[in-house]
Amino acid sequence: MKKLFLLLVLVTACSSADNGAYTKSKLVKDNLTKSIAAPWIPVEDEGSDLALNNTITKSFFLFNSACRKNELSNLSVLTNSMLAGINNVEYIEKKQINFQDRDASMVIAKGSIDGIERYFRILTTQKNNCIYDFALIATSMANLNHDSNDFNNFSQLLKLN
């Protein structure tokens, strides 16, 4: 469990406060929290705006925001930084997409922490000086594919204003 918590901390690092310079977005309309259904359950994660766990597949869905005045980061760099600290990162797919009328980066990758392989679907976008990260962390490619529809639905239920 300690290793899983470390994994969650590393993935949420992009959105962590940087000497107080970053704050959480107050401009997100959360239509997700009130509609969470089994097998997904909320979990406590100090670094994320929202963290959910699928009790069957053991996948995690994380949503993070980080805002600061004059945020000028590059989407590709931001997405890659989400995987900093993960060993043997292999990018399966990288593409630019449109998400809620914004440019966004979508990455599917795999990597390991302490020899434990994990699979990632990461969506990163920016709006109004804020960085928004949506991440799905799965124990296998099959589970990542299985939970991707939920990832897409969850992402749409968090409206960026």
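Use the structure listed above.
Residues numbered from 1 in each chain as written. Predicted model: local features only at pLDDT ≥ 70, side-chain atom pairs only at ≥ 80, totals over all residues. Heavy atoms only, no water.

Draft legend 1. Structural context of the sheet that holds strand β8 (residues 130–138). Spatially, the 7 strands line up as an open sheet ordered β2-β3-β4-β8-β7-β6-β5, and their pairing is antiparallel. Either end of the sheet is taken by a strand with one partner, and the two such strands are β2 (40–42) and β5 (87–99). Going across the sheet, the axis of each strand differs from the next one's by a mean of 20°, ignoring polarity. Sheet topology places strand β7 (residues 116–127) next to β8; 9 bridges connect them, and they run antiparallel. Bridging across to β8, Gln126 finds its partner in Ile131. Along the sheet, helix α2 (residues 75–82) makes contact with β5, β6 (102–113), β7 and β8, crossing β7 at roughly 150°. Across the sheet, helix α3 (residues 141–157) lies against β2, β3 (50–54), β4 (60–67), β5, β6, β7 and β8, angled at about 150° from β8, the strand it touches most. (Pairing = 2+ DSSP bridges. Helix = DSSP H or I, 4+ residues; strand = E, 2+ residues; numbered from the N terminus. Axes fitted to C-alpha atoms, helices over the stretch in contact; angles between N-to-C directions. Contact = heavy atoms within 4.5 Å.)

Draft legend 2. How the structure looks around the packing of aromatic side chains. What the rule picks out here adds up to 6 aromatic pairs. Arranged with centres 5.2 Å apart and planes meeting at 80°, the rings of Trp40 and Phe154 form a pair that is edge-to-face. Highlighted residues: Trp40 in strand β2 and Phe154 in helix α3, separated in sequence by 114 residues. As far as burial versus exposure is concerned, Trp40 and Phe154 are alike and both buried. With 5.2 Å between their ring centres and 65° between their planes, Phe99 and Phe134 make a pair best called edge-to-face. Linking Phe99 in strand β5 with Phe134 in strand β8, this pair joins segments that are 35 residues apart in sequence. The exposure class assigned to Phe134 is buried, which follows from its relative accessible area of 0%. (Phe/Tyr/Trp six-rings, centres within 6.5 Å; stacked < 30°, edge-to-face > 60°. Buried < 20%, exposed > 50% of the residue type's maximum accessible area, 1.4 Å probe, protein only.)

Draft legend 3. Structural context of the nonpolar core. Counting 23 residues, the largest nonpolar core has Phe61, Phe63 and Phe134 as the members making the most contacts within it. Taken together, the elements giving at least two residues each to this core come down to β3, β4, β6, β7, β8, α3 and β9 (158–160). Counting residues per element, this core draws most heavily on β8, which supplies 5 residues. Residues in contact with Phe63, not counting those within four places in the same chain, are Val28, Ser48, Asp49, Leu50, Tyr132, Asp133, Phe134, Leu158 and Leu160. If you look at the next biggest cluster of nonpolar residues, it comprises 13 residues, including Phe60, Met82, Val107 and Ala135. (Core = buried A, V, L, I, M, F, W, Y, C linked by side-chain atoms within 4.5 Å.)

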